[in-house]
Amino acid sequence: MGMKDQFQDKAERMQEQAKQRAQQGREQGREQGREHGRPDQQRGQQGRERMRDEQPERMRHEEQDRFDQDYDV
């Protein structure tokens, strides 16, 4: 086996290893996405609910402030 063949074989092995690592990385990324996706979705939903609850409260405060300003002498 000549030097050229050795380098070619090594290059092919390294390419195959890189493909395997890339595949493993994609699989791990999908798994982590599934694990972390649910809490993010729950957090997003909780944030929307909180905003919905806070908005009427803000409106009440603004209305109360306007009322107080109107009747302050």
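A few points on the structure. Since we're looking at a predicted model, the values are computed, not measured. (Residues numbered from 1 in each chain as written. Predicted model: local features only at pLDDT ≥ 70, side-chain atom pairs only at ≥ 80, totals over all residues. Heavy atoms only, no water.)

Here the focus is the overall build of the chain. Looking only at helices and strands, one finds one helix and zero strands in the chain. Counting every atom, the chain has about 7400 Å² of accessible surface; 45% of that belongs to carbon and sulfur. (Helix = DSSP H or I, 4+ residues; strand = E, 2+ residues; numbered from the N terminus. Areas by Shrake-Rupley, 256 points an atom, 1.4 Å probe, with all protein chains shown as cover.)

Turning our eyes to something else, we now look at the pattern of salt bridges. Evaluated as defined, the whole model comprises one salt bridge. Among the ionic pairs, R66 bridges to E62, the shortest N-O distance being 3.8 Å. With R66 and E62 both in helix α1 (residues 3-71) and four residues apart, this pair spans about one turn of that helix. R66 gets classed as partly exposed once you look at its relative accessible area, which sits at 47%. Taking the relative accessible area as the measure of exposure, E62 reaches 43% and is therefore partly exposed. (Salt bridge = Lys/Arg side-chain N within 4 Å of Asp/Glu carboxyl O. Buried < 20%, exposed > 50% of the residue type's maximum accessible area, 1.4 Å probe, protein only.)

Read these as geometric descriptors, not functional statements.
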